[in-house]
Each structure stands twice: as structure tokens, then as C-alpha cells.
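An overview of the molecular structure
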Amino acid sequence: METMDYLNDYYGQYDEDGRLNRNRRGELEYLTTMGYIQAYLKPGDRVLEVGAGTGRYSLTLAELGAEVTAVEPVAHNLEILRGKIVPGQNVTALKGAAENLSMLESGSYDMTLLLGPMYHLATEEQRMQAMAEAIRVTKPGGVIMAAYCIAEGSILKYGFGQHNIAQLIGSGQLSSRDFGFRNQPEDVFMMLRKADIDRMMRGFPAQRLHYVATDGPAYLMQDVLEHLSEEEFQLYLAYHLTVCENADLVGATGHSLDVLRKLGN
């Protein structure tokens, strides 16, 4: 079965529309990501979101005054996204994959978002192709943001916390030597480490502005967060936003965000 078949099957049964507001961990990821987007977004910017899902970010950015192109490979998600666009809303939704954006002109977007594709692309070659395309369509000086699934969050919560560590090692999914994931094309989510991302980015004409633990240790503290009062959660959010780039914490996260500026004139 091809990777896209796995994604169609997965998202056909998954509530992607509610993922970022189902619990406080998802809310934390969304608020953190939006904070970094808004730090660089200017009124009237042309924004491309590749792997737009059901449009949570794309539709919000259009409401903030951006001219948005949303590209999504999964038919189920694209149908939901198109159904949510209201007349006059500045969102164009296209079917397409991150590795091939040939329908879009080079240097035409102020900001390009890859908030989903790197979760699913099985090989470093595919991820590099997706990044190359994102950089190509972005204007010189423009901003690219890419989100990743980070291995440690899953190892700690799913592996040890849910007593699956022996099964992961026994099946060959996880190395017993360095505890790195051996990602396979049939895996829905690709688990990486910052070292993998750093290696991939070598040679690209892009400068890193931020590397962010978007949900930080919330993946490990989900029950704690759900029992915080609203006042306590707002304090936790303020704390998180002050430390989410700290090297001490960026590895112990479920998701990360790489914020880059395209070099060149």
C-alpha cells in the first residue's frame, strides 16, 4: 500500500478538524505555532500552507488579512477545507503534495508553512524535496516554517509510559542501540530528532530564526494540564512561551517548529 493510501485511510477516520482544540496539549501547540506565525505575518502577505489539513491555520490566517493558498494531498481533508471556505474569503484550496509544487511560481509567497508534511514523508530525500519546494516558492527574505514529530515525546509517553517499549524494540521500530526510530514508508508518522533536521537542512539557502518545542513536555503532562484551572493554564502558557526555545527542553517535546528565513536577493 502506498503512503498516500495510509494517509487517506488514517485521516478518513480521524477528527483532524478537532485535533488542535480537543485538549490543552493541542491548544498549546496551536497557540505556540500561531504566535510565531503572527510574529512574522504582515497584512496582505501571500501565505502558502502545504499540508493544510482541514484548514485550521489557513482559514485563521485569511481572517487576519493574508492571501492564502492551501495545498492538501488528502481528499477527505481537502473536501472539509473547501466546505469551510465562505464566499469572499481569500483562500484558494488546491490538491497537491509537498514534494511537487510545480503548479506554483517560484518566489511568490511571503510565508510558506509546512505544518503537516514532515510528519508523514518517509525518507530524508522526500523531506529534502519538500523543503526545497517550500524554499523555491518563497520570496527571498520570506519565512518558512516546518513542523516535525519528535521521537523523544513518543518514546517517553507511548514507549515507557504505556509500556510499549519492549514491543517497539522487538518489532525493529526502535533501535536498542541509540533508541532512534527506524521509520518505514508504511508508518503514518515519522519520528525524528533535531540532529536529523539539522542534517537535512545543511546546504539549503535558509537561516534558522527559531527552533521551538511547540508543545514542550505537555505530551508527558497531559493529565496535569487538563486539571489546571484556566488561570493556572494561562500561567503555564506564559511559562511555556518563555522556555520553548531553551536547548534544555527542545528535545523533550512531541512536536517542534523550525522557523527559517530564505536567503538571497
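It should be noted that the structure appears before, not after, this text.
Residues numbered from 1 in each chain as written. Predicted model: local features only at pLDDT ≥ 70, side-chain atom pairs only at ≥ 80, totals over all residues. Heavy atoms only, no water.

A look at helix α2 (residues 24-40)
The periodicity of an α-helix, 3.6 residues per turn, causes residues three or four positions apart to be oriented the same way. Compared with the 24 Å implied by 1.5 Å per residue over 17 residues, the 25 Å span of α2 between its first and last C-alpha is a close match. Considered for burial, the residues of α2 that qualify are Arg24, Arg25, Gly26, Leu28, Glu29, Tyr30, Thr32, Thr33, Met34, Tyr36 and Ile37. Regarding α2, its N-cap is Asn23, as a side-chain oxygen of that residue lies 3.2 Å from the backbone nitrogen of Arg25 further along. (Helix = DSSP H or I, 4+ residues; strand = E, 2+ residues; numbered from the N terminus. Expected span 1.5 Å × (residues − 1). Buried < 20%, exposed > 50% of the residue type's maximum accessible area, 1.4 Å probe, protein only. Polar contact = N/O pair within 3.5 Å; in protein donor to acceptor, adjacent residues only side chain to side chain.)

Observations regarding the packing of aromatic side chains
All told, the structure shown has 3 aromatic pairs when counted by the stated rule. With a centroid separation of 5.1 Å and 40° between ring planes, the pair formed by Tyr30 and Tyr57 is classed as tilted. Placement of the pair is Tyr30 in helix α2 and Tyr57 in helix α3 (residues 56-63), with a sequence separation of 27 residues. Residue Tyr30 is classed as buried on the basis of its relative accessible area of 10%. Summarising the aromatic geometry, the rings of Tyr119 and Phe189 are spaced 6.5 Å apart at their centres and angled 55° between planes, so their arrangement reads as tilted. Here Tyr119 is found in helix α5 (residues 117-120), whereas its partner Phe189 is found in the loop between α8 (165-170) and β6 (191-192), with 70 residues between them in sequence. According to the relative accessible area criterion, Phe189 is partly exposed, its value standing at 26%. It is Arg56 that lies over the ring of Tyr30; its NZ or CZ is 3.8 Å from the centre. Geometry around Tyr211 places Lys194 over its ring, the cationic atom sitting 5.3 Å from the centre. (Phe/Tyr/Trp six-rings, centres within 6.5 Å; stacked < 30°, edge-to-face > 60°. Lys NZ or Arg CZ within 6 Å of the ring centre and 35° of its normal.)

What about the nonpolar core?
It is characteristic of soluble globular proteins that their nonpolar side chains tend to be buried jointly. Counting residues in hydrophobic clusters, the biggest one holds 37 residues, and the most contacted among them are Ile37, Val47, Leu61, Leu113, Met145 and Leu257. Setting aside its immediate chain neighbours within four residues, Val47 contacts Leu41, Leu61, Ala66, Glu67, Val68, Thr69, Tyr109, Met111 and Leu113. Listed in part, the 29 residues of the second largest apolar core include Tyr109, Leu121, Met131 and Ala206. (Core = buried A, V, L, I, M, F, W, Y, C linked by side-chain atoms within 4.5 Å. Contact = heavy atoms within 4.5 Å.)

Side note on the packing of helix α6 (residues 124-137) against helix α9 (residues 194-201)
α9 packs onto α6 with a crossing angle of 60° between their chain directions and a minimal axis gap of 10 Å. Considered as vectors, α6 and α9 are oriented oblique to each other. Handedness of the crossing formed by α6 with α9: right-handed. Contacts from Glu124, Arg127, Met128 and Met131 in α6 reach Asp196, Arg199, Met200 and Met201 in α9. (Axes fitted to C-alpha atoms, helices over the stretch in contact; angles between N-to-C directions. Parallel < 35°, antiparallel > 145°, perpendicular 65-115°, else oblique. Left-handed = near helix turned anticlockwise from the far one by under 90°.)

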